[in-house]
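Each chain, written out:
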Amino acid sequence: MSGASSSSSHPGRTKRKYDFACTSCRRRKARCGGEKPICSQCRENGEQCIFRDTSTILTSSLRPKPTSNNLESRVQRIEHMLGLSSTFPASSEPANASLASSSVAESQVQSHRPGTSTPTDGATYHLSVADSGDIVFFGTTSLVNGGSLSETTGDDTVTEPSYPGVDKDGAALPQAFDSSCIPVFQALAFSKHVSVLPQIGSALLDAFFCYSSPLYNVVHRGIFTRDMALGGQYFSNFLLMALYTSGTRMIDGLGEVERVAQGNLFAGWARSQLATELEGPSKVTTIRESSKFVEGLLVLSGRECAMGNTSQGWLYSGMAFRMIQDMGIHLSSDRAIGGTTKLSPEDRMLRDRLFWSAFTWDKTISLSLGREPAFPLRPGQSPEKIVVDQDDSEPWTPFFASPFNMPLTLQEYSNHPGHIMLTFRHLAKLNIITHSIINDLYGSAWSSSRSLPPSQSIQDLSAQLSGWFEELPSQIKLDTELPAVCPPPHIFSLNLLYCTSWILLYRPSTTSGADSAKPPTAGIVEAQASEICNSKSEHAFKLLNLFGRTFGFNKMSYIVMYSVFVTAGFDLSLLKSDDPAVKQEAALRVEAWLAMLEQGAI
């Protein structure tokens with residue numbers, strides 16, 4: 001029997017209109033009854049039932065057929081977007097149909113005055129405004145942004161932005177964020193913890209901000225806590241889970257197996273939250289939305305690398321770097337034109353701070369994995385302009401969830417000034433030198449040639465390292481005369497990385513680092529290189545012992561573990577030394593290095 005006769009034999013049966021099924025049934029390809037406000041299928045499965053707006057659905061017979069005029073208009077608009085036409089014809093399409101709309105043109109200004117030369121400290125760039133009103137970055141070759149638009153605001157100069165908490169020279173100004181409000185916001189946020197008891201969640205955050213956060217400053221504690229309490233846009237459950245994951249490494253009261261298991265559980269929840277938040281319309285195109293994604297990804301990257309999951313850590317950091325570039329955060333705000341008018345002072349401060357956090361972490365993960373840096377330096381920009389919006393002399397106190405877990409060495413630990421932002425600035429400066437060391441001495445160009453690095457490059461970098469340490473403020477400098485008690489971990493880590501940088505600089509010039517069939521680097525005596533590396537290894541050993549006596553080696557961060565690995569590798573080469581004293585001291589250090597790594601790798 002034909003389909004037509006079958007249909008006519010059941011006059012009472014009506015043809016179902018699948019176009020008007022709810023979205024859940026359409027996704028599952030299930031039979032939808034069409035009951036409103038919730039269909040029987042969604043009621044049975046406990047799903048959210050959403051019906052599409054039928055008033056906006058056009059059947060193929062009702063859709064307007066293209067005309068030559070419509071096609072010509074569309075072609076002209078595309079040509080304009082690609083910079084192939086000088087005019088932008090009027091169109092009946094919505095004004096926000098293109099990122100090259102007139103609203104964008106009005107917000108963009110010319111880079112420089114006519115006749116002036118292009119500055120050497122980095123060209124100006126345009127921040128565009130997307131359809132949603134969000135700030136995005138597209139370069140001059142972009143299909144989306146198109147060519148330069150001729151409209152200007154009348155003043156085509158680029159003005160220095162006004163930052164809260166910092167003047168033109170990077171000097172600290174009055175606070176933009178009152179840190180005394182943090183306890184109030186913590187109390188308000190107490191009930192906002194998820195998946196754990198509020199007491200445990202608060203302890204995990206305290207452990208993170210005490211031990212893990214100060215070195216890289218990925219998350220601004222005050223703003224995070226404020227938005228957690230008030231439901232602001234700089235907070236998300238994904239970021240919260242990422243902080244739980246990292247805090248688990250540093251919190252007391254957990255055994256090794258329990259620490260790993262609990263951290264993996266939080267990491268799984270974080271990945272689930274990330275997937276959920278990425279499902280809907282793009283939430284990662286605003287500075288506020290993208291910041292919490294970037295922060296969470298960088299935190300997860302650090303935790304995975306510390307746990308030995310380097311592939312996952314590399315992937316998370318790569319996603320974060322891509323998002324930073326999407327928002328134009330990798331470019332300096334003081335060279336930005338156009339969309340910067342939509343950025344609040346707080347947004348600008350967090351943009352710059354997040355850039356330097358990513359820049360420093362990129363050097364850490366590049367060194368540890370032996371890969372070239374993926375995140376370049378801002379042209380002409382200095383870490384001196386990092387905003388100081390908090391009291392840097394505020395005491396740093398070691399955190400323990402239970403006072404009974406606090407070691408005797410810390411029970412009378414004096415409240416050292418934190419100097420968190422001061423340390424962060426000088427870490428960024430040191431990583432600029434580290435960036436050059438990686439590229440000049442360990443990059444693909446040198447590796448492929450199998451020749452030793454030029455002596456001039458080493459001498460220049462050596463002078464930069466010496467100058468950096470000379471300028472290091474005494475409050476955060478650990479010279480030959482060490483204190484009886486170790487300063488806060490982030491200050492210790494900064495000084496340890498300085499020693500490691502010297503070893504990385506001169507290691508290729510030693511017998512262990514160079515091809516024995518080739519002569520030593522011109523102008524650099526091999527014995528001198530070994531002497532420098534040996535001296536820095538000895539000082540690093542003293543620093544690690546000071547840290548271990550004060551905090552214990554289970555509080556080591558990832559960069560500390562990498563520094564131990566580098567110094568241990570050099571000391572292994574000294575076991576072949578003809579000097580019995582040098583050989584014996586190196587053997588003792590190697591044994592200690594291995595013990596430290598075993599305790600820290602949890």
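Our subject in this report is the structure included herewith. Predicted model only: the values in this text are computed from it and were never measured.

Glancing now at the overall build of the protein. Each helix and strand counted, the protein has 21 helices and five strands in total. Look at the contacts in the protein between residues 6 or more apart in sequence, and 72% of them connect residues 24 or more apart.

The next point concerns the nonpolar core. Core analysis: the largest hydrophobic core is formed by 118 residues, its most contacted members being Val219, Phe224, Leu243, Leu298, Leu505, Leu544 and Met556. The element that contributes the greatest number of residues to this core is helix α18 (residues 489-506), accounting for 12 residues. Apart from residues lying up to four places away in sequence, leucine 298 is in contact with Val218, Ala320, Phe321, Leu354, Ala358 and Trp361. Grouped together as the second largest cluster of nonpolar side chains are seven residues, Ala21, Cys39, Cys42 and Cys49 included.

In this approach a probe as big as a water molecule rolls over the atoms, and the regions it shows empty are the leftover space. Summed over all chains, the structure comprises three cavities of 30 Å³ or more. Considered as a void within the structure, the largest cavity measures approximately 370 Å³ in volume. If you trace the largest cavity, you find 26 residues lining it, with Ser212, Ser213, Tyr216, Ser246 and Ser557 closest to the centre. At the level of elements, α7 (198-216), α9 (237-250), α11 (287-306), α18 and α20 (558-574) are the ones that each hand at least two residues to the lining of the largest cavity. A per-element tally of the lining of the largest cavity places α7 first, with six residues. A breakdown of the residues in the lining of the largest cavity according to their chemical character gives 15 nonpolar, eight polar and three charged.

With that out of the way, let us pick up the layout of surface pockets. Roughly 660 Å³ of internal volume is contained in the largest pocket. When residues of the lining of the largest pocket are traced back to their parent elements, those giving at least two are α6 (182-189), α7, α8 (221-230) and β4 (395-396). Within the lining of the largest pocket, the residues separate by chemical class into 11 nonpolar, 11 polar and seven charged.

In the structure shown here, the tally under the stated rule is 10 salt bridges. Here aspartate 206 makes a salt bridge to arginine 221, at a shortest N to O gap of 2.6 Å. Of this pair, aspartate 206 sits in helix α7 while arginine 221 sits in helix α8, placing them 15 residues apart in sequence. A residue is classified by how much of its surface remains accessible, and aspartate 206, at 21% relative accessible area, is partly exposed. Residue classification places arginine 221 among the partly exposed residues on the basis of a relative accessible area of 25%. Among the ionic pairs, arginine 226 bridges to aspartate 227, the shortest N-O distance being 2.8 Å. The residues arginine 226 and aspartate 227 share a single accessibility class, namely buried.

Look at helix α19 (residues 526-551): 37 Å from first C-alpha to last across 26 residues, which is about the 38 Å you get at 1.5 Å a residue. Glycine 552, located one to two residues past α19, shows a positive phi value of around 90°.

Next up on the list: helix α12 (residues 310-326). Between its terminal C-alpha atoms α12 stretches 24 Å, which fits the 24 Å expected from 17 residues at 1.5 Å a residue. Buried within α12 are the following residues: Gly313, Tyr316, Ser317, Ala320, Phe321, Met323 and Ile324. What you see down the axis of α12 is that its buried residues fit within an arc of 160°, all on one side. For α12, exposure combined with an orientation more than 90 degrees from the buried face picks out Ser311, Leu315 and Arg322. Among the residues trailing α12, glycine 328 stands out with phi positive, at a value near 75°.

To continue, consider the packing of helix α15 (residues 420-442) against helix α17 (residues 455-471). Running from N to C, α15 and α17 point in directions that differ by 170°, and their axes come no closer than 11 Å. Regarding the angle of α15 to α17, the classification is roughly antiparallel. Mapping the contact onto sequence places His426, Lys429, Leu430, Ile433, Ser436, Ile437, Asp440 and Leu441 in α15 and Ser457, Ile458, Leu461, Gln464, Leu465, Trp468 and Glu471 in α17.

Turning next to unusual backbone geometry. Across the junction of lysine 36 and proline 37, the peptide omega takes the value 15°, indicating a cis bond. Note that proline 37 resides in the loop between α2 (23-28) and α3 (40-45). Of note, asparagine 217 is a non-glycine position whose phi angle comes to about 55°, a positive value. Among the structural elements, asparagine 217 can be located in the loop between α7 and α8. On the basis of relative accessibility, which here comes to 3%, the residue asparagine 217 falls in the buried class. At histidine 419, a position not held by glycine, the phi torsion is positive, near 50°. Along the polypeptide, histidine 419 turns up in the loop between β5 (416-417) and α15.

Definitions and limits used
- Residues numbered from 1 in each chain as written.
- Predicted model: local features only at pLDDT ≥ 70, side-chain atom pairs only at ≥ 80, totals over all residues.
- Heavy atoms only, no water.
- Helix = DSSP H or I, 4+ residues; strand = E, 2+ residues; numbered from the N terminus.
- Contact = heavy atoms within 4.5 Å.
- Core = buried A, V, L, I, M, F, W, Y, C linked by side-chain atoms within 4.5 Å.
- Buried < 20%, exposed > 50% of the residue type's maximum accessible area, 1.4 Å probe, protein only.
- 1 Å grid on protein atoms, 1.4 Å probe; cavity = no way out; pocket = protein on both sides within 12 Å on 5 of 7 lines; lining within 4 Å.
- Points joined across faces, edges and corners; volume = space filled by probe spheres on them.
- Nonpolar A, V, L, I, M, F, W, Y, C, P; charged D, E, K, R; others polar.
- Salt bridge = Lys/Arg side-chain N within 4 Å of Asp/Glu carboxyl O.
- Expected span 1.5 Å × (residues − 1).
- Arc of directions from axis to C-beta.
- Axes fitted to C-alpha atoms, helices over the stretch in contact; angles between N-to-C directions.
- Parallel < 35°, antiparallel > 145°, perpendicular 65-115°, else oblique.

Spatial relationships are all this shows, so hold off on functional conclusions.
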